[in-house]
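The residues making up each chain are set out below.
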Amino acid sequence: MKKISISALLLPALSAALTAAVVITVTASDPETPENTVSGVDLDNGVESVAYRQAVAAAKARKPKVTVIGTGGTIAGVATSRSSFTDYRAGQIPIADMVGQLQPELGNVADVTTVQFGNKGSGGYTIAEFQALTLAVQKALKDSDGVVVTSGTDTMEEFAYWLDLTVRDQKPVVMTGAMRPWAAGTVNGPQVIGADGPANLYNAIVLAASQATYCYGTVLMLGDEFHAARDVTKTSAYRMDTFQTREFGVLGWIDGPNIKVGRAPSRVADCDLKQRWLTPFNVAKVAPEALPRVEVVTSYQQAGGEAITAFADAGVKGIVTAGTGAGGVSAAQTAARTAAAAKGVVFVSTTRTGSGSVYGGSTTQPIVAGDDLLPQKARLLLLLSLAFAPGDVEKVRQWVTTLGNPEWHTVD
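Bear in mind that the values here come from a model prediction, so they are computed numbers and not experimental data. (Residues numbered from 1 in each chain as written. Predicted model: local features only at pLDDT ≥ 70, side-chain atom pairs only at ≥ 80, totals over all residues. Heavy atoms only, no water.)

**Observations regarding empty space enclosed by the protein**
Across all of its chains, the model carries 2 cavities of 30 Å³ or more by this definition. Taken as a whole, the largest cavity spans an internal volume of roughly 100 Å³. When grouped by side-chain class, the residues that make up the lining of the largest cavity number 3 nonpolar, 6 polar and 5 charged. Space inside the second largest cavity adds up to approximately 40 Å³. (1 Å grid on protein atoms, 1.4 Å probe; cavity = no way out; pocket = protein on both sides within 12 Å on 5 of 7 lines; lining within 4 Å. Points joined across faces, edges and corners; volume = space filled by probe spheres on them. Nonpolar A, V, L, I, M, F, W, Y, C, P; charged D, E, K, R; others polar.)

See the structure below:
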């Protein structure tokens with residue numbers, strides 16, 4: 001494959017989530033692997049990074065260490081029967097037990113340790129607990145080569161994007177879970193028919209151990225596919241292939257012993273420049289009570305402005321509007337937003353459509369265009385921005401525009 005030199009490509013800066021075409025093939029170790037590969041990763045893959053290559057080389061030189069942090073969810077669920085896919089109690093099985101059931105095969109992939117962070121549905125976690133999860137991931141990465149975090153799928157994309165914004169380590173972080181519960185009857189009961197949790201957990205550990213997503217930030221892996229945390233969203237309440245990245249597609253696939261990476265997030269370009277790669281959101285320096293409230297308001301036909309007014313009166317510091325089309329809100333919501341903005345509430349405009357950009361914003365009011373950030377993702381970025389730059393609307397605008405909507409810049 002011809003090497004891609006990002007700095008040499010004379011192309012315009014691409015759209016926020018659009019990423020350069022990168023193809024990486026990772027396979028099981030082979031004593032006759034060609035000299036231009038390390039740990040099965042084709043080094044002629046377009047990722048021109050010393051740090052990336054060193055990470056891949058280390059994965060071949062020794063068995064990687066991976067920590068699995070369990071937070072509960074369907075993957076740890078217990079169903080009423082082996083054929084019950086929707087009637088179950090989430091967050092029942094300890095993560096150590098699930099990892100234990102994947103042995104001895106898992107031992108051929110990595111040395112795995114576990115941390116039980118929590119055991120409940122994803123929607124039950126608070127932002128303060130999100131902060132604690134970041135610190136738990138960072139602690140694990142001090143000794144491990146990668147971390148896998150299991151969670152429920154309902155808000156998994158928010159878990160993933162939060163970690164993507166806050167984890168201050170370039171090692172792989174992989175989110176995974178399941179759409180069907182693990183066991184039936186009891187925590188030690190028989191496996192649910194067609195349970196996807198075991199394969200998802202195994203593949204997530206394989207991916208983290210491979211270092212194929214080193215410097216990618218947090219990725220979300222389900223159903224043999226992995227996605228960028230910023231872009232992925234849950235699209236179906238029940239389907240096994242619920243997670244999709246609209247418009248831009250998956251980052252890559254896990255096909256048995258083969259990992260194929262088709263594209264890379266733009267932050268990979270700064271892999272050798274760690275201070276540029278990192279975000280400013282070092283949550284270890286912020287008290288949980290300093291994390292401000294930020295809410296989401298959806299627009300629709302003749303939507304009232306009372307929700308915006310009520311949030312502003314309740315002391316909410318930021319509001320994300322999920323507008324119609326390219327971010328439009330109703331007349332009543334516009335009036336309420338203007339009044340709330342005058343009180344210091346900062347707004348980010350997004351679209352409820354699920355894809356497409358919102359441009360513009362306002363230079364006279366604290367209203368920032370969210371581009372193609374999904375509303376639930378924009379909320380987390382606005383929350384962190386307000387925590388680290390309280391009262392500084394221009395800094396918030398800068399972070400939403402750059403960190404929230406990164407681009408491949410292909411011209412020096």
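**Examining the pairing of strand 15 (residues 252–255)**
Only one face of strand 15 is buried: it carries Gly252 and Ile254, and the other face, with Trp253 and Asp255, is open. With 2 bridges joining them, strand 12 (residues 225–228) and strand 15 adopt antiparallel strand pairing. Residue pairing in the sheet places phenylalanine 226 in a bridge with glycine 252 of strand 15. As paired elements, strand 15 and strand 16 (residues 258–263) share 4 bridges and run antiparallel to each other. (Buried < 20%, exposed > 50% of the residue type's maximum accessible area, 1.4 Å probe, protein only. Helix = DSSP H or I, 4+ residues; strand = E, 2+ residues; numbered from the N terminus. Pairing = 2+ DSSP bridges.)

**Observations concerning the packing of aromatic side chains**
Per the counting criterion, the structure on display carries 6 aromatic pairs. Between the aromatic rings of phenylalanine 281 and phenylalanine 388, the centroid separation amounts to 5.5 Å while the plane-to-plane angle is 55°, which identifies the pairing as tilted. Remark: phenylalanine 388 occurs in helix 9 (residues 375–388) and phenylalanine 281 occurs in the loop between helix 6 (274–277) and strand 17 (294–298); sequence separation between them is 107 residues. A residue is classified by how much of its surface remains accessible, and phenylalanine 281, at 0% relative accessible area, is buried. In this structure, arginine 267 packs its charged tip against the face of tryptophan 277, placed 3.8 Å from the ring centre. The ring of tyrosine 161 has lysine 377 lying over it, and the distance from NZ or CZ to the ring centre is 5.8 Å. (Phe/Tyr/Trp six-rings, centres within 6.5 Å; stacked < 30°, edge-to-face > 60°. Lys NZ or Arg CZ within 6 Å of the ring centre and 35° of its normal.)

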